[in-house]
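Single-letter residue listing:
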Amino acid sequence: MKINNIRKVLYTVSKILGDVNAVKKGKVGKRIGRRVAGKGTGKMLQKLFK
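Residues numbered from 1 in each chain as written. Predicted model: local features only at pLDDT ≥ 70, side-chain atom pairs only at ≥ 80, totals over all residues. Heavy atoms only, no water.

Asks: Whenever I open this one, the overall build of the protein confuses me. Can you help?
Replies: Counting its regular elements, the protein contains 2 helices and 0 strands. In terms of overall dimensions, the protein is more spread out than a globule: its C-alpha atoms have a radius of gyration of 14 Å, far above the 10 Å expected for 50 residues. In terms of overall dimensions, the protein has a C-alpha envelope of 40 × 35 × 5 Å along the principal axes. Out of the 50 residues belonging to the protein, those deemed buried represent 4%. (Helix = DSSP H or I, 4+ residues; strand = E, 2+ residues; numbered from the N terminus. Rg over C-alpha atoms; globule rule 2.2 N^0.38 Å. Buried < 20%, exposed > 50% of the residue type's maximum accessible area, 1.4 Å probe, protein only.)

Quick look at the structure:
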């Protein structure tokens, strides 16, 4: 197994655990908003530095 595959699995697991934690704390809306904002920012920066 390559390092990149292990890294991908770990990031996926951490994302799922973050979702579970947000549900437990009742802060799902805030998490969704931050995720959408992060994806938008990432796309804008990608276009800027392309």
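Asks: When you look at the pattern of salt bridges in this model, what are you seeing that I'm missing?
Replies: Should the charged atoms of two oppositely charged side chains come close, the side chains can pair. The final tally for this structure, using the stated rule, is 2 salt bridges. When the shortest N-O distance is used, the salt bridge between Arg31 and Asp19 registers 2.6 Å. One end of the pair, Arg31, is in helix H2 (residues 28-48); the other, Asp19, is in helix H1 (residues 3-25), and 12 residues separate them in sequence. With a relative accessible area of 27%, Arg31 lands in the partly exposed category. Given a relative accessible area of 29%, Asp19 falls into the partly exposed group. The residue Asp19 makes a salt bridge to Arg35 at a minimum N-O spacing of 2.7 Å. With a gap of 16 residues between them, Asp19 in helix H1 and Arg35 in helix H2 connect regions that are remote in the sequence. Linked by salt bridges that have partners in common, Asp19, Arg31 and Arg35 make up one network. (Salt bridge = Lys/Arg side-chain N within 4 Å of Asp/Glu carboxyl O.)

Asks: Where do I start with H1 in this structure?
Replies: Think of an α-helix as turning once every 3.6 residues; residues three or four places apart then point the same way. The end-to-end C-alpha distance of H1 is 33 Å, a good match for the 33 Å that 23 residues give at a rise of 1.5 Å each. Just past H1, the residue Gly26 takes up positive phi, approximately 75°. (Expected span 1.5 Å × (residues − 1).)

Asks: Just to check I follow, could you spell out the environment of Leu17 for this structure?
Replies: On the secondary structure map, Leu17 appears in helix H1. The class for Leu17 is exposed, based on a relative accessible area of 54%. Linking Leu17 and Lys2, residues 15 residues apart in sequence, is a C-alpha distance of 23 Å.

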